[in-house]
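Descriptive analysis of the structure
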Amino acid sequence: MVFTGNEIITLQFGHYSNFIGTHWWNCQEAGFEYIPDTPSEINHDVLFREGQTSRGEVTFTPRLLLVDLKGSLGCLTEEGRLYGTSPGVDATLPLWPPDKVTVQTQASESKNEFLQDLEQAETLASPLPNELKESGKAVPKLYYLDNDVKSWSDFLRPHLHPRSINLVQEYQHDDPSLPFDTFPQGQDIWKRPRFCEELTDRVRLYLEETDNLQGFQVLMDSHDGFSGLGCSALQYLRDEYPSKVCLCLPSQPPQASPLASHRVLNLALALSSLAELSSLFCPISSTTSGWRDLGKSVQLPFLQYKSNLYYHTSAAVAAAVDSMSLVYRLRGEHERLADLTVRLGMYGRRAAALSVMLPFPLSVDGTLLDALERWEGPLTHPLTPLTDLQTGVWQQTLVLRGVPESRLMRADQRNLSSSNPAYSCRSLAHLLHTFLQFDSQTTVRTQVFTADNKLPTSAPFPHLFSPHISQDGLLQDTSRPSHTGVEKVPVLAGLHSCQSLGNSLESLHSEAKRINIRSLHQFASAGLESLELVESLEQLLCLSECYSDHQMDF
C-alpha cells in the first residue's frame, strides 16, 4: 500500500515540555536541505505543514499546538512572528471610544542578541551572521545565552502558525500565590468550554489539512497541573479519533518543584492515565531518580551541561527525541508510528524507556568498528528515571545518525579472514546489531535504523560539548578552538521495553501510596477524591506487574 501523507500532529503541554519542543523544532529547521532534484533523507512533511501568507508567500511551519500559562511567552506574541497581528484587525483603530477606555501599558520584553540577529536576518532575507576571525576565515557567530534565556521563546528559531500557541488565561506563569501545580487543576481547565473548544477546533483544522494522518505525538509536563490538562486532551483524542496512534512523552524538569508530595501524586495520576489513554508513553527526565528524590543529573561522557538550566537539560533531551523520531520520519527505510508503538507496547507494556549517547564518539579518522572495539561502559544512557538498560531488555529500537556507510570499517578490515563476525558485516545496522548480540547476556529483539544526517547543533543550541569534540562533532585529541562552536554531531538514541520499567513504576506507586491526600488540601479542593486516587494507583500497580519475571517475553 502506498501512503501519500504519513502526517503527525504534535501537542505540547507545559513550560518544560515547550523548552524540549523548542530545541526539537530548532534542530529540525536547522537540518532543512534545499537541493534541487535530490529529496532530503528526512521527510519533513511528517511534522511540518506547508501554508501561504495573505501576500502569497509560502510558509513551512510545525504542525503544532502548544499550551502554556499566561505570561510565559516573553517577547513573543500569541500569534507568533509569521503574520504579525491577527488577520482582519487594524491595530491603529480603537475598538472602544477613548473616553470609555483606561489604557494600561507594560514594558515590552527585550530581545536577546540571537533574537535580534534572527529578526534582522529575516528582514534582509539572509542567513544568521558570521564572524571574521584573525585567520581571515569567517565562522558562524557564537551566542552565549545561558543568562538570557528565561522562556522557551527566547531561543525559538522557526516561525509558528498563528493557531499554534494556546494560553491558559486563568493562571499566571511563575505566580507563587496561585500555582498551577495539581493534576485536578489541569482537568478543570479542560472542562472550561472556551479553552476546550478552541483547542479541539485547532486539532480539527490541522487534521483536515492532512492526507493520511498517522496520529499524534504529545509532549507534556507530568509534574504539575499540565499533567491533568494533557491527560484530558488525550482522553478527547482517544474518544474522537480512536483509530489514530498516540505516542506520549511525559517530561519532568530537573528542579524539585512543585512540592515533593504534589509532584509524586501528579506523576502517579498522569502515568496511570497514560497506560489507558496512549498507545505508548515514555517518561523522560535528565535526572536519575525522578520521583520524590530527583537524584543526580544523568552524566553523558562528552557533555558539560548545567543541570540547573532548563535551556541546557532540555537540549540534551531534545537531541534524543529528535534522533529517536527519525524512525518514523525517514524517507527510505522507516517504521510507521503505529508499528513502533505496537512492537514496543506488547503484552500491555505501555511504558518505554528513552536513552541516548550524545554525541556518539566517532573519532576524526576512525570507523564505527573502531568505536565499538574500544567501547567501554553502556552503549547509551537512559533518560527515563530509575531505568537499567544493562539487563532485562526485551525489545528495543536504536537509531544511529551521522555515521556514513563509508565509515563502517577500514578497507584492510574488510578483507580480514577472522572468526570475528564483525568483519563480515556490510552495513552499519548489521554491525551494530552484531555488537549488541555479543554484548548482551540475553537475546534482545532489536531493530536498528541509520541515517547520514547528523544532529544540527548550531545556534541557538547551547554550548554543551567537551572541547575534544570537533566542529563537525567528531572526537579528536586536540581541543577545539574557543571561537568555534559544534555545528552538528552524530547521535545514538534508543527506545526500550525493559524489566526495570516495572521496578520504576512500582517505586512511584509506593511513593504515592504513602501520601495522605487529606493533608494536601489543594488536591481535595480541586476535586480529587480518595476513591479516584486509589483506582489510579491500582492501575499503576497493574501496569508495573506487566514487567514482572513471570511475564517475561521469550
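Each value, and the rule that gives it
Residues numbered from 1 in each chain as written. Predicted model: local features only at pLDDT ≥ 70, side-chain atom pairs only at ≥ 80, totals over all residues. Heavy atoms only, no water. Axes fitted to C-alpha atoms, helices over the stretch in contact; angles between N-to-C directions. Helix = DSSP H or I, 4+ residues; strand = E, 2+ residues; numbered from the N terminus. Parallel < 35°, antiparallel > 145°, perpendicular 65-115°, else oblique. Left-handed = near helix turned anticlockwise from the far one by under 90°. Contact = heavy atoms within 4.5 Å. Nonpolar A, V, L, I, M, F, W, Y, C, P; charged D, E, K, R; others polar. Core = buried A, V, L, I, M, F, W, Y, C linked by side-chain atoms within 4.5 Å. Buried < 20%, exposed > 50% of the residue type's maximum accessible area, 1.4 Å probe, protein only. Pairing = 2+ DSSP bridges. Polar contact = N/O pair within 3.5 Å; in protein donor to acceptor, adjacent residues only side chain to side chain. Expected span 1.5 Å × (residues − 1). Salt bridge = Lys/Arg side-chain N within 4 Å of Asp/Glu carboxyl O.

**Some words on the packing of helix 12 (residues 500-513) against helix 14 (residues 530-545)**
Close contact between helix 12 and helix 14 brings their axes to 8 Å; oriented N to C, the two are set at 160 degrees. Here helix 12 lies roughly antiparallel to helix 14, going by the angle between them. When you trace helix 12 past helix 14, the crossing you get is left-handed. Touching G502, L505, E506, L508, H509, A512 and K513 of helix 12 are L537, L540, L541, L543 and S544, all from helix 14. Broken down by class, the residue content of the contact of helix 12 with helix 14 amounts to seven nonpolar, three polar and two charged.

**Here we look at the nonpolar core**
Counting residues in hydrophobic clusters, the biggest one holds 76 residues, and the most contacted among them are W152, I284, L354, L358 and L495. Tallying contributions element by element places helix 7 (residues 310-324) first for this core, with nine residues. Not counting chain neighbours up to four residues away, the residues in contact with L495 comprise L280, C282, M324, L340, L344, A352, A353, L354, Q395, Q396 and T397.

**Some remarks on the sheet that holds strand 12 (residues 353-357)**
The strands making up a sheet associate through backbone hydrogen bonding, with each pair oriented either parallel or antiparallel. Here we have five strands laid out as an open sheet, ordered 13-12-18-14-15, and mixed in their pairing. For this open sheet the edge positions go to strand 13 (381-382) and strand 15 (445-451), each flanked by a neighbour on one side alone. Sheet topology note: the strand 12/strand 13 ladder contains two bridges and is antiparallel. Each residue of the ladder has a partner; that of V356, found in strand 13, is H381. In the packing of helix 7 onto the sheet, the strands contacted are strand 12, strand 14 (393-401) and strand 18 (491-498), and the crossing angle to strand 18 comes to about 80 degrees. Contacts between helix 8 (residues 337-344) and the sheet are confined to strand 14, strand 15 and strand 18, with strand 14 contributing the most and set at about 145 degrees to the helix.

**A word on the environment of N516**
Relative to the helices and strands, N516 resides in the loop between helix 12 and helix 13 (521-525). Reaching out from N516, the side chain makes a polar contact with the backbone nitrogen of R518 at a distance of 3.1 Å.

**Re helix 7**
Compared with the 21 Å implied by 1.5 Å per residue over 15 residues, the 21 Å span of helix 7 between its first and last C-alpha is a close match. With 14 of its 15 residues buried, helix 7 lies for the most part within the structure.

**Some thoughts on the pattern of salt bridges**
Counted by the stated rule, this structure contains 20 salt bridges. As a salt-bridge pair, R49 and E209 come within 2.8 Å of each other at their nearest N and O atoms. Taken together, the residues span a long stretch of sequence, with R49 in strand 2 (residues 48-52) and E209 in the loop between helix 4 (193-208) and strand 8 (215-221) at a distance of 160 residues. The shortest N-O distance in the salt bridge between R192 and D188 comes to 2.7 Å. For D188, a relative accessible area of 30% translates into the label partly exposed.

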